[in-house]
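# Coordinates in review
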Amino acid sequence: MIALSGIERVYRAGGETVRALRGVDLTVRAGEYLSIMGPSGSGKSTLLNILGLLDRPDAGRYLLDGRDVTALGDDERARLRREKLGFVFQFFHLVPRLSAAENVELPMMLAGIEPAERRRRVARLLADYGLADRAHHRPSELSGGQCQRVAIARALALGPAVILADEPTGNLDRQTGREVMAALERAHEAGAVLVVVTHDPEIGARAHRRLRMRDGAIVADTSA
Amino acid sequence: MRAADTVRFAWGAAAGARARTAFTLLAMAIGVAAVVAVTAIGEGARRYVVAQFGALGTNLVIVLPGRSETAGAMPGVLLGRTPRDLTLEDALAVRASRALRRVAPLVVGAGDVHVGALRREAPVLGSTAELQDIRRMTLARGRFLPAGDPRAASAVCVVGATVAAELFGGRAALGEWLRVGDRRFRVIGVLAPQGTSLGFNTDEAVIVPVAAAQQLFNTEALFRILAEAKSRDLVPQAKADLEEILRERHEGKRDVTVITQDAVLATFDRILGALTLAVGAIAAVSLAVAGILVMNVMLVGVAQRRAEIGLLKALGASAAEIRAAFLVEAALMAAAGGAVGLAIGRLGVWLAAEFFPAIPFGVPAWALVAAPATALATALVFAAAPARRAARLDPVQALSRR
Ligand SMILES: Nc1ncnc2c1ncn2[C@@H]1O[C@H](COP(=O)(O)OP(=O)(O)O)[C@@H](O)[C@H]1O
Ligand SMILES: [Mg+2]
């Protein structure tokens, strides 16, 4: 499904260079559930952004579904993000002026799906994530856990093959965090690859395969 | 993304930033309203002048002494030589043209007009019976100068409404005598008030037979020959006839200028039309100012919506789609501002028409199209840079919390 080899990412900020990733190799098969843990600044987010085609490596090769996507142009990457990838962020990143339903509808709108079909799918997704009675609420009227579930529904709207979550529970209390993880895991059970970056050992332990990073490298890769 | 969705999304974004949108919309509206108001004033002036000419009759053909290429500009004076005078005999001779319906000689001077102890300076016009129809004069009382031999200096006159009122007060002027210089005239007619037409106020004038005026001012020369063509189509023929007849009478010299009302009208029409266009363009500069505002407001919007833009990119929006969303947002604001501006402008024109009913204000059709179109184009031009900035945002940086 995913094959990274020799991935390097170097940040140059004011004369200083930071090697955020130092030759990362990683293969992920279909249906896997990974967690990535490690100290702050170890390169977890950088790795996730490269996996998500939001960022480009400075060296190395990235195969997604057997296709070399390392050197793809911006438009093609945007299309792949829409068709294959789903993102969940620590700060939810809901559009504040849009209702829960409209936020979930966004990816379908970008994909050019018909309004009637969109409404049907949005209703089902919201119901699936226990948000049916919150459809017309703005993010400011929702709790953190509800916001993150809206974000998860949005990430799953087009049935992605890979779900990338960067500290999805980082902003939630423990109990809510567990609920959100359960929501993500349901998508994984439906067949998607799930990659979760987390600081929380309890959450990290839920994954079947656990990566540990330090100083831009994967230092441990254990399967349960 | 479907076009309808892009519009809906952009509309939501504009509505979401109410203060910013209202501000931009207002700036656009003011620009459009300014164009509408200013061009309406210009168009009002043009229509006013055209109507004034129309009152004189568009079949009017005027002969001036002296040759001039630019109709109306004091001929002869510009050329630095005294032209040969037009005479009463010239005026009588041109009656031979079959394209002309009427011909009236015109002598103009200033005279001291006395009635008893009252005295008033007034323009004195010397002409013939034909003047009444050529200049569309109507009488309040009595009759106009009698038809007959124009060489006869009969002692009768027709007075303007103001002259009658001021010199005769409440008394009936008709049948009374007045004195101009050292000559006495009997009032046989009083003109109805006509107002000013092209700088000539007949209300204040005294009209006497042309021969009497020539004696009064001790001159053989005519100020003008006024003629009326039989129809508008015959105006060019009339002009040619006048030039030919007068050339023959003046030993083959082309030393007169023939102005047709149509040509003067067309010139004024053109000048005032161009002027309206120019002031409209100047008013459109305010739209450029609004454009700069659009750019700033959009740049602020892009900065405030960084995370949203990053998210859209993460969700798979292409750079073109993001650019389109911002351009459509600017276009929507311009369109709404244009609509509001048209309404404000037309309201202003309506108010102006209430206060100055004499001027036929009216927004020219081109301004109604050009003003909002300029607003739209300006908005799109000035939104281009912010939209491009949004489209080029790096998604990772846009999504990172700072
Ligand atoms: N935009 C950037 N410019 C410069 N350095 C950066 C940038 N983003 C991340 N880094 C650096 O790269 C390293 C890895 O960052 P990151 O992947 O965010 O770590 P983590 O997510 O594990 O905390 C850190 O040292 C960080 O300071
Ligand atoms: Mg991180």
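What you see is a predicted model, and the numbers here were worked out from it, not measured in a lab. (Residues numbered from 1 in each chain as written. Chains lettered and ligands numbered in written order. Predicted model: local features only at pLDDT ≥ 70, side-chain atom pairs only at ≥ 80, totals over all residues. Heavy atoms only, no water.)

## Comments concerning the overall build of chain B
Keep this limit in mind: Runs of H or I in DSSP of at least four residues are treated as helices and runs of E of at least two as strands, each being numbered from the N terminus. In this description the radius of gyration comes from C-alpha coordinates, and the expected globular size is given by 2.2 Å times residues to the power 0.38. Each residue gets one of three labels from its accessible area relative to the maximum for its type: buried under 20%, exposed over 50%, partly exposed in between, using a 1.4 Å probe on protein chains only. For the area figures, the Shrake-Rupley method with a 1.4 Å probe applies, and any residue is considered shielded solely by the protein chains shown. Positive charges come from Lys and Arg, negative ones from Asp and Glu, while His and the chain ends are left out of the count. Each charge is placed at NZ for Lys, CZ for Arg, CG for Asp and CD for Glu.
Helices and strands together make up the secondary structure of chain B, namely twelve helices and 14 strands. For chain B, the C-alpha radius of gyration of 33 Å lies well beyond 21 Å, the compact-globule estimate for 402 residues. Counting all 402 residues of chain B, 47% fall into the buried class. Carbon and sulfur atoms make up 60% of the accessible area of chain B, which totals about 18700 Å². Chain B carries 44 positive and 32 negative side-chain charges, and their two centres are separated by 10 Å.

## Remarks on the domain arrangement of chain B
Inclusion rule: Reported domain spans reflect what an automatic or database domain assignment gives.
Along its sequence, chain B is organised into domain 1 (3–52 + 268–399) and domain 2 (85–254). When each unit is reduced to the centre of its C-alpha atoms, the spacing between domain 1 of chain B and domain 2 of chain B is 56 Å.

## What to know about the environment of Ala155(A)
In plain terms, the rule: Contacts are assigned to residue pairs that have any heavy atoms within 4.5 Å of one another.
As for its placement among the helices and strands, Ala155(A) is situated in helix α5 (residues 144–155). Among residues more than four places away in sequence, those in contact with Ala155(A) are Gly86(A), Phe87(A), Val88(A) and Pro160(A).

## Notes on the packing of helix α3 (residues 100–110) of chain A against helix α1 (residues 3–16) of chain B
A packed helix pair is summarised by two numbers, namely the angle formed by the two axes and the spacing between the axes. The condition is simple: Note on method: axes are straight lines fitted to C-alpha atoms, helices fitted across the in-contact stretch only, with angles between N-to-C directions ranging 0 to 180 degrees. Note: crossing handedness is left-handed where the near helix turns anticlockwise from the far helix by less than a right angle, and right-handed where it turns clockwise. Any residue outside Ala, Val, Leu, Ile, Met, Phe, Trp, Tyr, Cys, Pro, Asp, Glu, Lys and Arg is labelled polar, Gly included; the first ten of those are nonpolar and the last four are charged.
Contact geometry of α3(A) with α1(B) gives a least axis separation of 10 Å together with a crossing angle of 145 degrees. Considering only the axes of α3(A) and α1(B), their crossing is left-handed. Where α3(A) approaches α1(B), its residues Glu105(A), Leu106(A) and Met109(A) are matched on the opposing element by Asp5(B), Arg8(B) and Phe9(B). Tallied by class, residues from the contact of α3(A) with α1(B) come to three nonpolar, no polar and three charged.

## Some words on the sheet that holds strand β2 (residues 16–28) of chain A
Residues and elements named next belong to chain A. Rules: Pairing between two strands requires that DSSP report at least two bridges joining them.
Spatially, the four strands line up as an open sheet ordered β2-β1-β4-β5, and their pairing is antiparallel. Each edge of the open sheet is held by one strand with a lone partner, namely β2 and β5 (67–68). Sheet analysis places strand β4 (residues 59–64) next to β5, joined by two bridges and oriented antiparallel. Note on β5: the bridge partner recorded for Leu-63 is Asp-68. In the packing of helix α1 (residues 44–51) onto the sheet, contacts are made with β1 (2–13), β2 and β4, and the angle to β1 comes to roughly 120 degrees.

## A closer look at the pairing of strand β4 (residues 118–127) of chain B
Residue and element names in this part refer to chain B. As paired strands, strand β3 (residues 100–115) and β4 are joined by nine bridges and run antiparallel to one another. Each bridged residue has a counterpart across the sheet, and for Gly-111 the counterpart in β4 is Ala-122. Linking β3 back to β4 in an antiparallel pair, the connection comprises two residues, with Gly-116 at a positive phi of about 60 degrees. Summarising the sheet, β4 and strand β11 (residues 206–209) pair through four bridges and their orientation is parallel.

## Some thoughts on the sheet that holds strand β6 (residues 85–88) of chain A
Residues and elements named next belong to chain A. A sheet is described by the order of its strands in space; here six strands give the open sequence β6-β7-β8-β3-β9-β10, paired in mixed fashion. Every interior strand has two partners, whereas the edge strands, β6 and β10 (217–223), have only one. Recorded for the sheet is a direction-independent mean angle of 15 degrees between the axes of neighbouring strands. As paired strands, strand β9 (residues 209–214) and β10 are joined by six bridges and run antiparallel to one another. The residue bridging Arg-209 from the neighbouring strand is Ser-223, located in β10. On top of the sheet, helix α2 (residues 74–84) reaches β6 and β7 (162–166); it is set at about 80 degrees to β6, its chief contact. Sheet contacts for helix α6 (residues 174–189): β3 (33–37), β6, β7 and β8 (193–197); angle to β8, the most-contacted strand, approximately 150 degrees.

## Structural notes on the packing of aromatic side chains
What counts here: Working definition: a ring pair exists when centres of Phe, Tyr or Trp rings (six-membered ring for Trp) sit within 6.5 Å. Plane angles under 30 degrees give stacked, over 60 give edge-to-face, the rest tilted. Charge-over-ring placement is defined geometrically: NZ (Lys) or CZ (Arg) within 6 Å of the ring centre, and within 35 degrees of the ring normal.
Evaluation of the coordinates by the stated rule reveals one aromatic pair over all chains. Taken together, a centroid distance of 5.9 Å and an interplanar angle of 5 degrees make the contact between Phe87(A) and Phe89(A) stacked. A single burial state applies to Phe87(A) and to Phe89(A), both of which are buried. Over the ring of Phe9(B) we find Arg97(A), and its NZ or CZ is 5.0 Å from the ring centre.

## Section: the packing of α1(B) against helix α10 (residues 319–355) of chain B
Residue and element names in this part refer to chain B. One can describe the packing of α1 onto α10 by two numbers: an axis separation of 8 Å at closest approach and a directional angle of 65 degrees. Note on packing geometry: the crossing formed by α1 with α10 is right-handed. Residues Thr-6, Val-7, Phe-9, Ala-10, Trp-11, Ala-13 and Ala-14 of α1 touch α10, and the partners they reach there are Ala-324, Ala-325, Val-328, Glu-329 and Leu-332. For the contact of α1 with α10, the residue count by class is ten nonpolar, one polar and one charged.

## Description of the pairing of β6(A)
All names here are of chain A. Going residue by residue along β6, you find Leu-85 and Phe-87 tucked away on one face and Gly-86 and Val-88 tucked away on the opposite face as well. Where β6 lies against β7, four bridges are found, and the strand directions are parallel. Opposite Phe-87, over in β7, you have Leu-164 as the bridge partner.

## Topic: unusual backbone geometry
All names here are of chain A. Of note, the phi angle at Asp-65 is positive, near 55 degrees, even though the residue is not glycine. Relative to the elements of secondary structure, Asp-65 occurs in the loop between β4 and β5. On the basis of relative accessibility, which here comes to 42%, the residue Asp-65 falls in the partly exposed class. For Asp-215, which is not a glycine, the phi torsion comes out positive at approximately 50 degrees. Position of Asp-215 relative to the elements: it lies in the loop between β9 and β10.

## Digging into the pattern of salt bridges
Note the following rule: For this analysis, a salt bridge means a side-chain nitrogen from Lys or Arg found within 4 Å of a carboxyl oxygen belonging to Asp or Glu.
Per the counting criterion, the structure on display carries 43 salt bridges over all chains. Of the charged contacts, one joins Arg29(A) and Glu32(A) as a salt bridge, the two residues approaching to 3.8 Å between their closest N and O atoms. The class of Glu32(A) is buried, set by a relative accessible area of 12%. The shortest N-O distance in the salt bridge between Asp5(B) and Arg118(A) comes to 2.6 Å. Here Asp5(B) is found in helix α1, whereas its partner Arg118(A) is found in helix α4 (residues 115–128) on a different chain. On the basis of relative accessibility, which here comes to 2%, the residue Arg118(A) falls in the buried class.

## So, the site of ligand 1
All names here are of chain A. Put simply, the rule reads: The nearness test applies per residue and asks whether one of its heavy atoms lies within 4 Å of the molecule or strand. By the criterion applied in these results, polar contacts are pairs of N or O atoms within 3.5 Å in which, for protein atoms, one can donate a hydrogen and the other can accept it, and in which residues neighboring in sequence qualify only through two side-chain atoms.
The local shell around ligand 1 consists of Tyr-11, Val-18, Ala-20, Pro-39, Ser-40, Gly-41, Ser-42, Gly-43, Lys-44, Ser-45 and Thr-46. Within the backbone of Gly-41, a nitrogen or oxygen atom sits 2.7 Å from an oxygen atom of ligand 1. In the model, an oxygen atom of ligand 1 is placed 2.5 Å from a nitrogen or oxygen of the Thr-46 side chain. When isolated, ligand 1 has an accessible area of 560 Å², and the protein chains bury 65% of it. For the shell around ligand 1, the secondary structure elements donating two or more residues are β2 and α1.

## Quick notes on the confidence of the model for chain B
Note the cut-off: On a scale of 0 to 100, pLDDT captures the predictor's confidence in every residue.
Mean pLDDT over chain B stands at 88; residues scoring 70 or higher make up 93%. Interface confidence in the predicted complex, given as ipTM, is 0.94; pTM for the same model is 0.73.

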